[in-house]
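One letter stands for each residue in the lines below.
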Amino acid sequence: MKKLLNTLFITQPDVYLSLDGDNVILLKEQEKLGRLPLHNLESIVAFGYTGASPAFMGYCADRNISLVFLTMSGRFLARVIGASKGNVVLRKKQYLLSENELLSAKIARNFIVGKIFNHKWMIERMTRDYPLRVNVDQFKEVSQHLSSIMMDVRACEDLERLRGLEGQAAVSYNALLDQMILQQKEHFYFRTRSRKPPLDNVNAMLSLAYTLLANDTASALEAVGLDAYVGFLHRDRPGRASLALDVMEELRGIYADKFVLTLINKKIVNHEDFLHKENGAVIMTDEARKKFLAAWQNKKQEKITHPYLSEKISWGLVPYAQALLLARHLRNDLDEYPPFLWK
Amino acid sequence: MLVLITYDVSTVSSAGQRRLRRVSKVCQNYGQRVQNSVFECVVDAAQFATLKLKLIDIIDPDQDSLRFYQLGNNYRNKVEHIGVKESLDLEGPLIL
């Protein structure tokens, strides 16, 4: 397995990125802020209206360093993609399968199985660790409900129905998310998912976590030669990395939601880290975003044993491992796509 | 792993000055300058081999010298910095 390299986050809006040899130079008003050798980097995430020279963008595209631009609040703006590399045959196979409803459904249902399994595991884990603080009966009920949906999903061969089942599972899981917040409950609560803009503290953090995860997944898919924009579960829509969203489904709960819950429950963030705007939108302060990103990077470095590959890798490589497995399935080296089933 | 590279390139001739510039340029592509003629590079074994070959190619062994200190993967407790211009931890969270 490849080594997980670092991510550079630029949180100041007036920084310009340029290339010098194999280094990235960070310029602020003609002044050199720093330089970094690019071979240590896996991706660069720029917040605000940070600019970059074409030569630098070309270099990144060429070396598979993902370069992403987000708004200050973490909403996706643009991604730099170079010439498509990798295997044309693999990509054609992907397009062919995505055109076929039945074959798409057979792959898509495994994403959903992974998602529901991981949600169920989170719920079970909560009842085991905090039996006195959560409503155990309700948790057990949802867990059983998820199990039965999972059985239906396994047998489902219709995309529309699959989306329906996924929605059902999401509703019952979301109903418990609020109870998984154990600390600072007066400022952190989860009623419903709101986005564009997020309307409370938890949603603001979820949005940022999902954006970061989606970018990591999209670049992992492209690194193995797949087209991140052609999905099986998510329909094609210009500008939407549908396959990245597909693969991300199974990681949302276990990776992003759990990360956000940890930040709250360990009191790494508090209510002063959020700004409430007049239109109801909630955004994180610059300081809070830095804390968030530092914690995110540390989480990515944590080692786990991949449940299917039985290989020790860092959390940050999980999207890459799943992208590899998906490519293997599309090449017919694996009968089925094995979702990431975390325990 | 972290490799510390230090060099002494004789600059009495213009050819020497040219070698010095080329050495520092190559080092800069692989790591960060922590002091004059001292570089810290976080590289893997293959990158280190290429870097070494490139540098050996440039210098004149009769006049210049190169030193490589391999500090391994657990280098953080082996390096202490005092004074100005602290280096960036290339493997820690990079938020600028």
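Counting restarts for each chain: residues are numbered from 1 in the order of the written sequence. For this description, chains carry letters from A and ligands carry numbers from 1, given in the order in which they are written. Only residues with pLDDT of 70 or above have their local features reported here, since the model is predicted, and side-chain atom pairs are shown and tallied only from 80 upward, although totals for entire chains, interfaces and linings are computed over all residues. Side-chain measures were taken over the full set of non-hydrogen atoms in the model, leaving aside hydrogen atoms and water.

Topic: the sheet that holds strand β4 (residues 65-72) of chain B
All names here are of chain B.
So, point 1. A pair of strands is treated as paired once DSSP finds two or more bridges between them. Counting from the N terminus, the helices are the DSSP runs of H or I reaching at least four residues and the strands are the DSSP runs of E reaching at least two. A sheet is described by the order of its strands in space; here 4 strands give the open sequence β2-β3-β1-β4, paired in antiparallel fashion. Of all the strands in the sheet, the pair left with one neighbour each is β2 (32-35) and β4. For this sheet the average axis-to-axis angle between neighbouring strands, irrespective of direction, equals 25°.
So, point 2. One ladder, built from 7 bridges, connects strand β1 (residues 2-8) with β4; its direction is antiparallel. Residue pairing in the sheet places Y7 in a bridge with L66 of β4.
So, point 3. The contact rule is simple, with two residues in contact once any of their heavy atoms fall within 4.5 Å. Every angle, taken between N-to-C directions, lies between 0 and 180 degrees, and every axis is a line fitted to C-alpha atoms, over only the stretch in contact when it is a helix. Each of β1, β2 and β3 (38-42) is contacted by helix α1 (residues 14-30), which is oriented at about 30° to β3, the strand it contacts most.
So, point 4. On the sheet, helix α2 (residues 45-58) packs against β1, β3 and β4 and is oriented at approximately 170° with respect to β4.

A few points about the UniProt feature "binding site: Mg(2+)" (unreviewed entry) in chain B
Residue and element names in this part refer to chain B.
So, point 1. UniProt marks D8 with the feature "binding site: Mg(2+)" (unreviewed entry), using the numbering shown here.
So, point 2. With respect to the helices and strands, D8 occurs in strand β1.
So, point 3. Working definition: with a 1.4 Å probe on protein chains only, accessible area under 20% of the residue-type maximum means buried, over 50% means exposed, and in between means partly exposed. Take D8: its relative accessible area is 54%, and that puts it in the exposed class.
So, point 4. Aside from chain neighbours lying at most four places away, what touches D8 is D64 and S65. UniProt positions are given in the numbering used here, feature names are shortened, and annotations may be inferred rather than shown by experiment.

Brief notes about the environment of A:R163
Residue and element names in this part refer to chain A.
So, point 1. Here R163 lies in helix α5 (residues 159-177).
So, point 2. The sequence separation of R163 and A288 amounts to 125 residues, and the corresponding C-alpha distance is 35 Å.
So, point 3. Apart from residues lying up to four places away in sequence, R163 is in contact with L233 and R235.
So, point 4. Within polar-contact distance, the side chain of R163 engages the backbone oxygen of L233 at 2.6 Å. Distance and chemistry together define a polar contact, namely a pair of N or O atoms within 3.5 Å, with one atom able to donate a hydrogen and the other to accept it when in protein, and with adjacent residues in sequence counting only for side-chain atoms on both sides.

Details of a positive patch on the surface
So, point 1. Patch definition: residues above 30% relative accessible area lacking any salt bridge, with like charges linked at up to 9 Å and the nonpolar side chains Val, Leu, Ile, Met, Phe, Trp and Tyr linked at up to 5 Å. Only the protein chains shown count as cover for residues, and all accessible areas are computed by the Shrake-Rupley method using a 1.4 Å probe. In the sections that follow, a salt bridge refers to a side-chain nitrogen of Lys or Arg positioned within 4 Å of a carboxyl oxygen of Asp or Glu. Lys and Arg are tallied as positive, Asp and Glu as negative. Neither His nor the chain termini are counted. For charged residues, the charge sits on one atom: NZ in Lys, CZ in Arg, CG in Asp, CD in Glu. Taken together, the side chains of A:R75, A:R195, A:K196 and A:R237 make up a positively charged region of the molecular surface.
So, point 2. Given a relative accessible area of 55%, A:R195 falls into the exposed group.

Thoughts on the interface of chain B and chain A
So, point 1. Counting residues at the interface gives 15 residues for chain B and 25 residues for chain A.
So, point 2. Between chain B and chain A, the buried area comes to about 1,700 Å², and carbon and sulfur atoms account for 54% of it.
So, point 3. Of all residues in chain B, the largest losses of buried area upon contact with chain A belong to B:L94, B:I95 and B:L96, amounting jointly to 40% of the total for that side.
So, point 4. Scanning the region where chain B abuts chain A turns up 0 salt bridges.
So, point 5. For the pair chain B and chain A, the interface holds 6 residue pairs in polar contact (both at pLDDT 80 or more). Buried area: the accessible surface (1.4 Å probe) lost by two parts on joining, summed over both.

What to know about the UniProt feature "binding site: Mn(2+)" (unreviewed entry) in chain A
All names here are of chain A.
So, point 1. As annotated by UniProt and renumbered to match this structure, "binding site: Mn(2+)" (unreviewed entry) occupies E166, H234 and E249. Over a stretch of 84 residues, the named residues converge on one spot in the fold, their C-alpha atoms separated by at most 12.1 Å.
So, point 2. Mapped onto the fold, E166 is located in helix α5.
So, point 3. When neighbours within four sequence positions are excluded, E166 is seen to be in contact with I112, K115 and E249.
So, point 4. Mapped onto the fold, H234 is located in the loop between α6 (201-223) and α7 (242-265).
So, point 5. In this structure H234 comes out as buried when scored by relative accessible area, which is 16%.
So, point 6. Here H234 is in contact with R240, S242, L245, D246 and E249, once residues within four sequence places are set aside.
So, point 7. Among the polar contacts made by the side chain of H234, one reaches the side chain of D246 at a distance of 2.6 Å.

What about the pairing of strand β1 (residues 6-10) of chain A?
So, point 1. Most of β1(A) sits inside the fold, with 5 of its 5 residues counted as buried.
So, point 2. Side chains A:N6, A:L8 and A:I10 of β1(A) all project onto a buried face; the interleaved residues A:T7 and A:F9 project onto the opposite face, where all are buried too.
So, point 3. Bridge count for β1(A) against strand β5 (residues 41-47) of chain A is 5 bridges, and the pairing is parallel. When the bridges of β5(A) are listed, A:L8 appears paired with A:I44.
So, point 4. Bridge analysis of β1(A) against strand β5 (residues 94-95) of chain B gives 2 bridges, and the strand direction is parallel. Bridging from a neighbouring strand, A:L8 pairs with B:L94 of β5(B).

As for unusual backbone geometry
Residue and element names in this part refer to chain A.
So, point 1. Between K196 and the following residue, P197, the backbone shows a cis peptide bond with an omega angle of -5°.
So, point 2. For E29, which is not glycine, the phi dihedral falls at a positive 45°.
So, point 3. With respect to the helices and strands, the residue E29 is situated in the loop between β3 (23-28) and β4 (31-37).
So, point 4. On the accessibility criterion, E29 (67% relative accessible area) is exposed.

Here's the deal with the packing of aromatic side chains
All names here are of chain A.
So, point 1. For Phe, Tyr and Trp, rings pair up if their centres lie within 6.5 Å, where Trp contributes its six-membered ring, and each pair is then called stacked (planes under 30 degrees apart), edge-to-face (over 60) or tilted (otherwise). For the coordinates displayed, the defined rule picks out 11 aromatic pairs over all chains.
So, point 2. Ring geometry for F188 versus F274: centroids 5.6 Å apart, planes at 75°, classification edge-to-face. Within this pair, whereas F188 is found in the loop between α5 and α6, its partner F274 is found in strand β9 (residues 274-276), the two being separated by 86 residues in sequence. This pair shows no difference in class: F188 is buried, exactly as F274 is.

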